[in-house]
There are 2 protein chains.
Amino acid sequence: MNAIASAFERKVHVPLGERAYDILIGPGLIARAGTEIASRLKGRKAAVITDEHVAPLYLEALIQSLEAAGIASATLVLPAGEKTKSFEHLMTVCDKVLEARIERNDYVIALGGGVIGDLSGFAAGIVRRGVRFVQVPTSLLSQVDSSVGGKTGINSRHGKNLVGVFHQPDLVLADTDVLNSLSAREFRAGYAEVAKYGLIDKPDFFAWLEANWQAVFAGGIARIEAIATSCQAKSDVVVADERETGQRALLNLGHTFGHALEAATAYDSSRLVHGEGVSIGMVLAHEFSARMNLASPDDARRVESHLKAVGLLTRMAEIPGTLPPAEVLMDAIAQDKKVKGGKLTFILTRGIGQSFVANDVPASEVLSFLKEKHPQ
Amino acid sequence: MNAIASAFERKVHVPLGERAYDILIGPGLIARAGTEIASRLKGRKAAVITDEHVAPLYLEALIQSLEAAGIASATLVLPAGEKTKSFEHLMTVCDKVLEARIERNDYVIALGGGVIGDLSGFAAGIVRRGVRFVQVPTSLLSQVDSSVGGKTGINSRHGKNLVGVFHQPDLVLADTDVLNSLSAREFRAGYAEVAKYGLIDKPDFFAWLEANWQAVFAGGIARIEAIATSCQAKSDVVVADERETGQRALLNLGHTFGHALEAATAYDSSRLVHGEGVSIGMVLAHEFSARMNLASPDDARRVESHLKAVGLLTRMAEIPGTLPPAEVLMDAIAQDKKVKGGKLTFILTRGIGQSFVANDVPASEVLSFLKEKHPQ
Ligand SMILES: NC(=O)c1ccc[n+]([C@@H]2O[C@H](COP(=O)([O-])OP(=O)(O)OC[C@H]3O[C@@H](n4cnc5c(N)ncnc54)[C@H](O)[C@@H]3O)[C@@H](O)[C@H]2O)c1
Ligand SMILES: NC(=O)c1ccc[n+]([C@@H]2O[C@H](COP(=O)([O-])OP(=O)(O)OC[C@H]3O[C@@H](n4cnc5c(N)ncnc54)[C@H](O)[C@@H]3O)[C@@H](O)[C@H]2O)c1
Ligand SMILES: [Zn+2]
Ligand SMILES: [Zn+2]
């Protein structure tokens, strides 16, 4: 284990005034977590929240590192998976945090993927009306997306992420070594979000990914670089629109179609995980933009060929099992987005890295596009 | 019912920047709620949360007033009492709000005392990471205290109000007529908080209360005046310290002893309600200040004689049942306050209306004072 920072470590600073924080990205960060926290913040107690997959791999190392830095910790291991983002588990986490006598300057530490991060961050935002929060994201998706930006939350029977708070972390430690134990499928799913940042407004980054994706998957400097660029991209959007009233919507590129597909497969991860839905959704968003004469069909083909190359799904037909008809997918989109006067808000594009928020997309056009792409 | 504002209506503006809001205080405000909301805000849907005591008295009138102003409402009636501030009921409220398809600009409306206000405000703060919130406080305590300032929350088995968020209301409508159906005991309990504002830093207001309390209890202009002065006082403190990092602590005058007494009576409202604990606590705070040679014993006598005159408890011995020994009360205080190096933070006073935050009160002095006041 590295006791000192790797020469390749990267830092992304998120300049949110009194809520500003650093994201450290590099190898060996779990072993150094205690030092990094103690050198920046003054709490001396932590409640570490993790899941049953991650606990056996990394919990011990994290706790030892905290202890060595004089930070005592209580731990809570929860079941893995999306169902853990519930009111019941939120109550369990709050209870554990209170039992550990965490005060305003002490920490809740999330060790895990986006599920653990979203749930623990919510608890950190409400116990004593807010205690400090440290993210140790362990999935690629959480390192490049969910651990940055301060959105926390749980699901309700009325939909995903409908209950939560904005609560920015005080520090994010993205240990790039731990991604080696992530399944290839989960790694690819996270990679869809990495590619997304290129497609939103960084054409050079997308081109770099086309040339270097094997190195990103292999680990090492290219992986650190890709994660740091992604965190910087998300940070830029969040800083411009912390509470999501406008431009932050760009982060939803591919997500309107993606969410509809997740709903259509009942959030059954054996059929579709979020990043796979986003991958298919990004191809659809580019194809739809071409159909609306906004972008060239070549761009859609280029997007598809890259996502296919890394092993991601790119077509609705590739999803195992039967999908409901286009009308049902359209209903899911309308639920997600609110249709006003037959129009809805969509992230469209004028080409690779030229996405924009379109507020007046006719629902009828989306429906006929879906019928064409997914004939019953 | 008054369709137009009473000439005696008062408005207190809480200047919190983009979270600024108005508190309206006067008769007939429930009948005018729809108009007041619709003229200020643009949502057209509301979820009204109330309790089983208040619902039969005022729910119908509120809903009709909303409807007349074009605001459709869903309603939820919860059990009355402190136990309702729980995770279970929080989930029920969130569910109802989502079921009613409340969006960010629609409303959660709390119709009731501090219990309904704290619970509904918390739900409004977390559904969709924050929707609009309107308080229609119906107890004196909620009109002068809990509905102002944005603290929301629920209780945990580890203690009261330990889980919650800061979520400012968008409008507070304090209808002074509804206080006529409040029990005399609950009215007096709320009055303890009114007197508190005088004792913190408004000696003239305290003197005015000594002369005019009968008129405040009777209703009419004096009541409106007392409530408006209280809201203004709380607003001033909140504006100076929205997130409670310093001076907001002054609002805890009488509360350190009061909370210990509430804990010692297991929050059993048949023995002691919050305002009664605060009443006894304020007398104790003045007596303790006299003992520390900070204030004259005459001030403590003056405080006691006024609170006694309105019918409030002022002595530990008046609490029905047996209190635990002084050491146990002291433990409760230490839990509430955190003792650092044998010292604790306390609100003390140099006389009527001259309270201050003391950071270095020796715990040993508090204990021997308690032993003297409550010999076993
Ligand atoms: N807050 C936000 O802004 C935001 C943004 C995007 C997504 N999200 C949320 O994130 C969640 C998805 O995140 P996720 O994909 O990380 O899901 P996840 O947390 O369920 O992790 C995926 C799987 O990988 C396992 N895992 C994690 N790290 C591992 C490691 N290093 N080694 C081995 N296994 C590991 C987990 O146990 C889990 O089984 C969703 O709930 C989504 O709503 C939130
Ligand atoms: N958020 C804050 O800043 C803050 C400040 C002080 C107190 N509080 C909280 O407020 C709560 C206490 O508030 P409360 O004293 O209003 O308690 P409450 O809400 O329980 O109301 C007291 C009783 O009066 C009844 N009632 C209310 N209005 C009535 C009316 N007009 N007519 C007849 N009956 C009526 C209620 O049903 C209840 O039985 C506590 O939970 C406390 O923690 C919060
Ligand atoms: Zn995503
Ligand atoms: Zn009080």
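The structure reproduced in this document is the subject of the present report. (Residues numbered from 1 in each chain as written. Chains lettered and ligands numbered in written order. Predicted model: local features only at pLDDT ≥ 70, side-chain atom pairs only at ≥ 80, totals over all residues. Heavy atoms only, no water.)

## Some details on the pairing of strand 8 (residues 159–163) of chain A
Within a regular beta strand, the side chains point alternately toward one face of the sheet and then the other, so they alternate between its two faces.
Residue and element names in this part refer to chain A.
Now for step 1: As paired elements, strand 7 (residues 154–156) and strand 8 share two bridges and run antiparallel to each other. Among the inter-strand pairings, Ile 154 is bridged to a residue of strand 8, identified as Val 163.
Now for step 2: Here strand 7 hands over to strand 8 after two residues, the two strands then running antiparallel side by side. (Pairing = 2+ DSSP bridges. Helix = DSSP H or I, 4+ residues; strand = E, 2+ residues; numbered from the N terminus.)

## Structural notes on the relation of the copies chain A and chain B
Now for step 1: Superposition of chain A onto chain B requires a rotation of 180° combined with a translation of 0.0 Å along the rotation axis, giving an RMSD of 0.0 Å. Taken together, the rotation and translation relating the two chain copies correspond to the operation of a two-fold axis.
Now for step 2: A shared interface surface links the copies, since 100% of the contact residues of chain A are contact residues in chain B too. (Least-squares fit on C-alpha atoms with pLDDT ≥ 70 in both. Contact = heavy atoms within 4.5 Å.)

## Focus: the coordination of the zinc ion (ligand 4)
Residues and elements named next belong to chain B.
Now for step 1: The protein atoms that coordinate the zinc ion (ligand 4) are Glu 193 (OE), His 255 (NE2) and His 274 (NE2), at distances spanning 2.0 to 2.1 Å.
Now for step 2: Binding-site remark: the zinc ion (ligand 4) is held by donors from one chain whose sequence spacing is E-x61-H-x18-H. Here Glu 193, found in helix 6 (residues 184–201), pairs with His 255, found in helix 9 (residues 255–264); they are 62 residues apart in sequence, far enough to count as distant.
Now for step 3: Residue Glu 193 is classed as buried on the basis of its relative accessible area of 0%. (Donors = N, O, S within 2.8 Å, 3.2 Å for Na, K, Ca; no water. Buried < 20%, exposed > 50% of the residue type's maximum accessible area, 1.4 Å probe, protein only.)

## Section: the packing of aromatic side chains
Now for step 1: Going through the model one piece at a time under the given rule, you end up with 16 aromatic pairs over all chains.
Now for step 2: Measuring from ring centre to ring centre gives 6.1 Å for Phe 205 of chain A and Trp 208 of chain A, while their planes differ by 15°; the resulting arrangement is stacked. One end of the pair, Phe 205 of chain A, and the other, Trp 208 of chain A, are both in helix 7 (residues 203–218), three residues apart, so they sit about a helical turn from each other.
Now for step 3: We classify Phe 205 of chain A as buried; its relative accessible area is 8%.
Now for step 4: Using a relative accessible area of 27% as the deciding quantity, one classes Trp 208 of chain A as partly exposed.
Now for step 5: By way of ring pairs, the aromatic residues Phe 187, Tyr 191, Trp 213 and Phe 217 of chain A are connected into one cluster.
Now for step 6: Directly above the aromatic system of Phe 356 of chain A lies the positively charged group of Arg 350 of chain A, at a separation of 3.9 Å from the ring centroid.
Now for step 7: In this structure, Arg 129 of chain B packs its charged tip against the face of Phe 166 of chain A, placed 5.8 Å from the ring centre. (Phe/Tyr/Trp six-rings, centres within 6.5 Å; stacked < 30°, edge-to-face > 60°. Lys NZ or Arg CZ within 6 Å of the ring centre and 35° of its normal.)

## Focus: the environment of Glu 186 of chain B
All names here are of chain B.
Now for step 1: Inspection of the secondary structure assignment puts Glu 186 in helix 6.
Now for step 2: Accessibility expressed as a relative area gives 39% for Glu 186, which makes it partly exposed.
Now for step 3: Glu 186 sits 79 residues away from Thr 265 along the chain, and the two C-alpha atoms are 17 Å apart.

## Considerations on helix 3 (residues 87–99) of chain A
What sets the pattern is the α-helix's 3.6 residues per turn: residues three or four places apart point alike.
Residue and element names in this part refer to chain A.
Now for step 1: Compared with an ideal rise of 1.5 Å per residue, which puts 13 residues at 18 Å, helix 3 spans 18 Å between its outermost C-alpha atoms and is within 8% of the ideal.
Now for step 2: Within helix 3, burial applies to Phe 87, Leu 90, Val 93, Cys 94, Asp 95, Lys 96, Val 97 and Leu 98.
Now for step 3: Arg 101 sits one or two residues past helix 3 and shows a positive phi near 55°. (Expected span 1.5 Å × (residues − 1).)

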